[in-house]
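So the chains spell out like this:
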Amino acid sequence: MGKLIKGLVTITAATAAVGGLCYVFKDQIKESKVYKEHNVDEKINKIKTSINENEKINKVKTSLQENETFNKVKNTIKEKMPKFSEKEEDYVDEGEIFFDDLDAAASDRDYVSLAGDEENKEDDAEASATEA
């Protein structure tokens, strides 16, 4: 285990030394014959542009995936929502909800007024007196 750590430290130190020398002599390296023969600047620019294009493509792919996910969720919600008809009579069946005066009179229910008027209190007092 000790040999492995010593080897990693040695490789790291050597890499740092080579990088430092390249940084110090970067101007001389750019003017060298080998650097110019292999068109290193053009290759570096091609790599930079391809990296930028890949980043743009990845951003577009990500936004498309997010939109697809949003659309899937939206469609799932639409499928699970109850379906409503366009006709008003399908919404409300008046016979079940609203009572006419005739229906109220014919029913066996007793209704009590909730209004706080004096007249209603008197009517309620009279009705309770006749029942007793």
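Criteria and cut-off values
- Residues numbered from 1 in each chain as written.
- Predicted model: local features only at pLDDT ≥ 70, side-chain atom pairs only at ≥ 80, totals over all residues.
- Heavy atoms only, no water.
- Helix = DSSP H or I, 4+ residues; strand = E, 2+ residues; numbered from the N terminus.
- Buried < 20%, exposed > 50% of the residue type's maximum accessible area, 1.4 Å probe, protein only.
- Areas by Shrake-Rupley, 256 points an atom, 1.4 Å probe, with all protein chains shown as cover.
- Patch = residues over 30% accessible without salt bridge, like charges linked within 9 Å, V, L, I, M, F, W, Y side chains within 5 Å.
- Salt bridge = Lys/Arg side-chain N within 4 Å of Asp/Glu carboxyl O.
- Expected span 1.5 Å × (residues − 1).

1. Quick word on the overall build of the protein chain
Part 1 of the reasoning: A count of helical and extended segments in the protein chain gives eight helices and zero strands.
Part 2 of the reasoning: Secondary structure elements of the protein chain occur, N-terminal to C-terminal, as α-α-α-α-α-α-α-α.
Part 3 of the reasoning: Within the span of the protein chain, comprising 132 residues, buried residues form 2% of the whole.
Part 4 of the reasoning: Carbon and sulfur atoms make up 57% of the accessible area of the protein chain, which amounts to about 13,000 Å² in all.

2. Focus: a nonpolar patch on the surface
Part 1 of the reasoning: A contiguous nonpolar patch, built from Met1, Leu4, Ile5, Leu8 and Val9 and spanning about 570 Å² of accessible area, is present on the exposed surface.
Part 2 of the reasoning: Along the polypeptide, Leu4 turns up in helix 1 (residues 2-24).
Part 3 of the reasoning: In this structure Leu4 comes out as exposed when scored by relative accessible area, which is 54%.

3. Topic: helix 1
Part 1 of the reasoning: For helix 1, spanning 23 residues, the distance from its first C-alpha to its last is 33 Å, which sits close to the expected 33 Å at 1.5 Å a residue.
Part 2 of the reasoning: Sparse coverage of helix 1 is indicated by the burial of zero of its 23 residues.

4. A closer look at unusual backbone geometry
Where the residue is not glycine, phi is negative for most of them; where a peptide bond is considered, it is trans in most cases.
Part 1 of the reasoning: Unusually for a residue other than glycine, Asn39 sits at a positive phi of about 50°.
Part 2 of the reasoning: Relative to the helices and strands, Asn39 resides in the loop between helix 3 (33-37) and helix 4 (40-80).
Part 3 of the reasoning: Of the residues examined, Asn39 reaches a relative accessible area of 38% and is grouped as partly exposed.

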